Structures are given as structure tokens and as C-alpha cells.
Amino acid sequence: MEKGSITVDGVSLTVSGLGHDWFEVSLIPTTLELTTIGKAEVGTHVNLEVDIIAKYVERLMSQTAEDSGQ
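For every chain, the first residue of the written sequence is number 1, and numbering continues from 1 along that sequence. It should be noted that, the model being predicted, local features are given only for residues of pLDDT at least 70 and side-chain atom pairs only at 80 or more, the latter also being counted only at that level, while totals for whole chains, interfaces and linings use all residues. Computation of side-chain values: all heavy atoms of the structure, hydrogens and water removed.

**Here we look at helix 2 (residues 52-67)**
Convention followed: Numbering of helices and strands runs from the N terminus; a helix is a DSSP stretch of H or I covering at least four residues, while a strand is a stretch of E covering at least two. Any helix carries an expected span of 1.5 Å times its number of residues minus one.
Taking 1.5 Å per residue as the helical rise, helix 2 with its 16 residues ought to reach 22 Å, and the 23 Å between its terminal C-alpha atoms agrees with that figure. At the exit of helix 2 stands glycine 69, carrying a positive phi of roughly 80°.

Pasting the structure below:
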């Protein structure tokens, strides 16, 4: 969910862009210095957690729009 949050290896981040099979976050230098994110290389496995409430709200709003014919 764009503008929602995602947790990468325990670091909560705001989603700044979203595609079908990708997401983007904006990082500040302090986050890169004080977490493992700044040391991760392409292909590194990380733990991802998404804001589950945002997923339910998005699904509910989608269903409501379908029900009202929008």
C-alpha cells in the first residue's frame, strides 16, 4: 500500500513508491548508518512485514467501490 509502512529487518519504513512486484522506500543517512539496511547487497535476504491494517482497509475500500458501481 503506497504511503503505508513496511518493516525491513525490524526497521519501520514509509513506502514511497509501489509497483506490481516492487516497492520503494526513502532512506536517510542515519537509517543507513545505524541499521543493517545500509550494508545489504543486492540479493540479500531480508525479513519483510507489511502494515496488515492497511491491507484490510485497501481491500474494504476496493469492495465498497465495486459494490457501488465505481
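**Things to note about the pairing of strand 1 (residues 5-8)**
We count it as follows: Paired strands, in this sense, are two strands between which DSSP finds at least two bridges.
For strand 1 and strand 2 (residues 11-18), the ladder comprises four bridges, and the chain directions are antiparallel. Note that in strand 2 the partner of threonine 7 across the bridge is serine 12. Between strand 1 and strand 2, which pair antiparallel in sequence order, lie two residues; one of them, aspartate 9, sits at a positive phi of approximately 50°. With three bridges joining them, strand 1 and strand 4 (residues 48-50) adopt antiparallel strand pairing. Bridged to isoleucine 6 within strand 4 is valine 50.

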